[in-house]
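Structural features, examined
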Amino acid sequence: MILKKPALYTDLYELTMAQGYFLSGRHQQTASFDYFFRSLPFDGGYVVFAGLGDLLEIIRYFRFHPEELEYLRSQGFKEEFLSFLKDFEFKGSVYSVKEGEIVFPNEPILRVEGTIVEAQILETVLLNTLNFASLIATKASRIKQAAGDHAVVDFGLRRAQGLGGLQASKASVIGGFQGTSNVLAGKMDDIPINGTMAHSWIQSFEDELTAFRTYAEHYPDSSILLVDTYSTLKKGVPNAIKVAKELEEKGHKLVGIRLDSGDLAYFARKSRQMMDDAGLEYVKIAASNQLDEHLIKSLLDQGAPIDLFGVGTKLVTAYDDPALDGVYKLSSINGKPTLKISENEEKVTLPDSKKIIRYFNEDGSFYSDGIALNDEENPSVIYHPYIAHRSTIVSELESEELLHNVVNKGEIMIDPPTVQESAEYARMRLSKLNDEHKRFDNPHVYKVGLSKKLRELKIELIQNA
Ligand SMILES: Nc1ncnc2c1ncn2[C@@H]1O[C@H](COP(=O)(O)OP(=O)(O)OP(=O)(O)O)[C@@H](O)[C@H]1O
Ligand SMILES: O=P(O)(O)OC[C@H]1O[C@H](OP(=O)(O)OP(=O)(O)O)[C@H](O)[C@@H]1O
Ligand SMILES: O=C(O)c1cccnc1
């Protein structure tokens, strides 16, 4: 949890609308909003849903404190509304997929039900939390996929967008990273913290060997020496070998070396050879320098004997696709289904309260998802969202509903998932997504269909709009 006072972490219009609902006596209307995204980031085939734990904390702490009310008063908000906010607590309900779930475009992966004011007032902070966490968890998952069994560690804090670095470190672990260099994230979320050394350590000594030796004296069983400050192969690796041998004499072991520039595949091969020749097969090779999933894949395809990848900038900034386009749309008001029309059929929203059903192949892998009205039986056929004649029979398949009641009339119903639990769930679910949806180039589109009733309701509302 990052903000203990999240109520003003919002766009002004949420509060002006809330005041408008209140002053016009409409604030007790009931409403239902869906959270969903429309397109997949990184030209990928899936998203790892993250941020639910933080959202539940935000709901738990959601109050308007005296100094916040004072600020709103200074901005012209009316006394009547401010006294309403003084006692405000979220008393609505939230239905969500699990943190770590593998999800796809246009699925209503989280639904908020409540009065129009309480559901509306959550919009911005909810989007801010879920969009960023899911984006970074997805990027991390792709990087981990490229790294396979090799370890990946988050080095991104220094390059992160301000305090987003905290959420990014947590989301990276949900996506499959082993640990982070971010100490506060480690403390807050019980994530393993890891690290090596900076060039400044080496430059601050009269020579590289003394720098390595001094570090190893202090950390005889946990040193990873940065070998590229002067010359990787002529100085860095030979000096690291010397120090490793000295450690051996004292009954300790050098953990590794880190490469941070130049041709990482070439240097890794050469360093491995030099260390193996010196009987140091156990010393690991870590690599960093603007890595992402494509470079890691390329390095491993080149046969680079790298054991650990440190990944910063490209991970925490989601460099190639810096925002998930998640939105929060009204789907019913006072029990009446509603939708938002668009010229573009793909942007027309889905009305009413819905459920998501995941269908499985016989081997337990994901077959496709269906979206149906909440109060209908699980459908036996699901239909393409826009092309009427395309449908799939799903009646014989194993299925599972994905939305769970995580907040019920203001009461939080689950222990917020720990980062480790969400990471394990994401790993397990990703293993059920077939490879054609996971490949980096032109991944096969995972099918998400609609029930007949939902499709018909949507068409009826469009025609009557
Ligand atoms: N064998 C390789 N195959 C593909 N990409 C690599 C390989 N080795 C390194 N890279 C990547 O190429 C990019 C640029 O590497 P380069 O050696 O130019 O780094 P640099 O930071 O400019 O080095 P220096 O710090 O010496 O200036 C980095 O993103 C790096 O990870
Ligand atoms: O390349 P990234 O994926 O963003 O990974 C983080 C980078 O941050 C550090 O460099 P920096 O130059 O900031 O400090 P240093 O002196 O420790 O190398 C580190 O050496 C990595 O190269
Ligand atoms: O520990 C490291 O090696 C590290 C930490 C942050 C950024 N770059 C490297």
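Only a predicted model underlies this, so the values are computations on that prediction, with no experimental measurement involved.

**Overview of the site of ligand 3**
Neighbouring ligand 3 are Phe155, Arg158, Ser181, Gly195, Thr196 and Arg258. Within the side chain of Thr196, a nitrogen or oxygen atom sits 2.4 Å from an oxygen atom of ligand 3. Here Arg258 contributes a side-chain N or O atom positioned 3.3 Å from an oxygen atom of ligand 3. Protein burial of ligand 3: of its 260 Å² of free accessible surface, 81% is covered by the chains. Residue composition of the shell around ligand 3, by class: 1 nonpolar, 3 polar and 2 charged.

**Thoughts on the sheet that holds strand E8 (residues 224-226)**
Across the sheet, 6 strands lie side by side as E7-E6-E11-E10-E9-E8; this open sheet has parallel pairing. The sheet is open, and its two edges are formed by strand E7 (179-180) and E8, each paired on a single side. Judged from the 2 bridges that link them, strand E6 (residues 151-154) and E7 form a sheet pairing that is parallel. Note on E7: the bridge partner recorded for Asp154 is Thr180.

**Remarks on the UniProt feature "domain: Nicotinate phosphoribosyltransferase C-terminal" (unreviewed entry) in the chain**
Taken from the UniProt record, the annotation "domain: Nicotinate phosphoribosyltransferase C-terminal" (unreviewed entry) applies to residues 354-458. Structurally, residues 354-458 comprises 18% helix and 33% strand, and the distance from its first C-alpha atom to its last is 12 Å.

**Side note on the site of ligand 2**
Lining the immediate environment of ligand 2, one finds 13 residues, of which Arg159, Asp260, Gln290, Gly312 and Thr313 sit closest. Contact distances for ligand 2 include 2.5 Å between an oxygen atom and a side-chain N or O atom of Arg159. The separation between an oxygen atom of ligand 2 and a polar side-chain atom of Asp260 is 2.7 Å. Across the complex, the protein chains shield 82% of the 480 Å² of accessible surface that ligand 2 would expose by itself. Broken down by class, the residue content of the shell around ligand 2 amounts to 4 nonpolar, 5 polar and 4 charged.

**Quick look at the packing of helix H11 (residues 232-249) against helix H12 (residues 264-277)**
Close contact between H11 and H12 brings their axes to 10 Å; oriented N to C, the two are set at 40°. As the angle between them shows, H11 and H12 are arranged oblique. As for how H11 packs across H12, the hand of that crossing is right-handed. Here Thr232, Leu233, Val237, Pro238 and Ile241 of H11 come into contact with H12, specifically with Tyr266, Phe267, Lys270, Ser271, Met274 and Met275. Here the contact of H11 with H12 is built from residues that sort into 8 nonpolar, 2 polar and 1 charged.

**What about the domain arrangement of the chain?**
By the assigned domains, the chain splits into domain 1 (12-136 + 321-464) and domain 2 (147-316). Here the C-alpha centre of domain 2 lies 39 Å away from the C-alpha centre of domain 1. If you look at the interface, domain 1 gives 15 residues, while domain 2 gives 16 residues. Interface area, domain 1 with domain 2, both sides summed: about 1,300 Å², of which 68% is carbon and sulfur. Inspection of the region where domain 1 meets domain 2 yields 1 salt bridge.

Parameters at a glance
Residues numbered from 1 in each chain as written. Chains lettered and ligands numbered in written order. Predicted model: local features only at pLDDT ≥ 70, side-chain atom pairs only at ≥ 80, totals over all residues. Heavy atoms only, no water. Near = heavy atom within 4 Å. Polar contact = N/O pair within 3.5 Å; in protein donor to acceptor, adjacent residues only side chain to side chain. Areas by Shrake-Rupley, 256 points an atom, 1.4 Å probe, with all protein chains shown as cover. Nonpolar A, V, L, I, M, F, W, Y, C, P; charged D, E, K, R; others polar. Pairing = 2+ DSSP bridges. Helix = DSSP H or I, 4+ residues; strand = E, 2+ residues; numbered from the N terminus. UniProt positions renumbered as here; feature names shortened; annotations may be inferred. Axes fitted to C-alpha atoms, helices over the stretch in contact; angles between N-to-C directions. Parallel < 35°, antiparallel > 145°, perpendicular 65-115°, else oblique. Left-handed = near helix turned anticlockwise from the far one by under 90°. Contact = heavy atoms within 4.5 Å. Domains from an automatic or database assignment. Buried area = accessible area lost by both parts, 1.4 Å probe. Salt bridge = Lys/Arg side-chain N within 4 Å of Asp/Glu carboxyl O.

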